[in-house]
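If you want the building blocks of each chain, they are given just below.
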Amino acid sequence: MIPLALAPQGEEQIVKKIGGSDEVKRHLANLGFTVGGTVAVVNSLSGNLIVKVKESRVAINEDMARRIMV
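What counts and what doesn't
Residues numbered from 1 in each chain as written. Predicted model: local features only at pLDDT ≥ 70, side-chain atom pairs only at ≥ 80, totals over all residues. Heavy atoms only, no water. Core = buried A, V, L, I, M, F, W, Y, C linked by side-chain atoms within 4.5 Å. Buried < 20%, exposed > 50% of the residue type's maximum accessible area, 1.4 Å probe, protein only. Helix = DSSP H or I, 4+ residues; strand = E, 2+ residues; numbered from the N terminus. Contact = heavy atoms within 4.5 Å. Pairing = 2+ DSSP bridges. Axes fitted to C-alpha atoms, helices over the stretch in contact; angles between N-to-C directions.

## Some thoughts on the nonpolar core
Okay, step 1: Grouped together as the largest cluster of nonpolar side chains are 18 residues, with contacts concentrated most on Leu4, Leu28, Phe33, Val39, Val51, Ile60 and Ile68.
Okay, step 2: Broken down by element, this core gets its largest block of residues, three residues, from strand β4 (residues 48-53).
Okay, step 3: Apart from the residues within four sequence positions on either side, leucine 28 is in contact with Ile18, Phe33, Met64 and Ile68.

## What to know about unusual backbone geometry
Excluding glycine, most residues fall at negative phi; most peptide bonds, likewise, are trans.
Okay, step 1: For serine 46, which is not a glycine, the phi torsion comes out positive at approximately 40 degrees.
Okay, step 2: By the element assignment, serine 46 lies in the loop between β3 (38-45) and β4.
Okay, step 3: A positive phi angle, close to 50 degrees, is found at lysine 54, a residue other than glycine.
Okay, step 4: Examined against the element boundaries, lysine 54 turns out to sit in the loop between β4 and β5 (56-60).

## Comments concerning the sheet that holds strand β1 (residues 12-14)
Okay, step 1: One open sheet holds the four strands; their spatial order is β1-β3-β4-β5, and the pairing between them is antiparallel. The open sheet terminates on both sides in strands that have one partner only, identified here as β1 and β5. For this sheet the average axis-to-axis angle between neighbouring strands, irrespective of direction, equals 35 degrees.

## Overview of the environment of glycine 37
Okay, step 1: By the element assignment, glycine 37 lies in the loop between α1 (22-31) and β3.
Okay, step 2: Sequence-wise, glycine 37 and valine 24 are 13 residues apart; in three dimensions their C-alpha atoms are separated by 17 Å.
Okay, step 3: In contact with glycine 37, other than residues within four places in its own chain, are Gln13, Ile14 and Val15.

What follows is the structure, encoded as structure tokens:
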């Protein structure tokens, strides 16, 4: 398992674990990040990531991306 922040660009990954407080987990779930779901890093700009999740593109910061394990 590696954090999403370190995942290779353009490759689909499966979310294995989401860390953080209940509030953070709830926020990420609202964005579409769920255990067992697929995500792909589209682009990375100065620590921020654009991620494809559930046919949408979502921008998250590096801190949030490090809580998502793939």
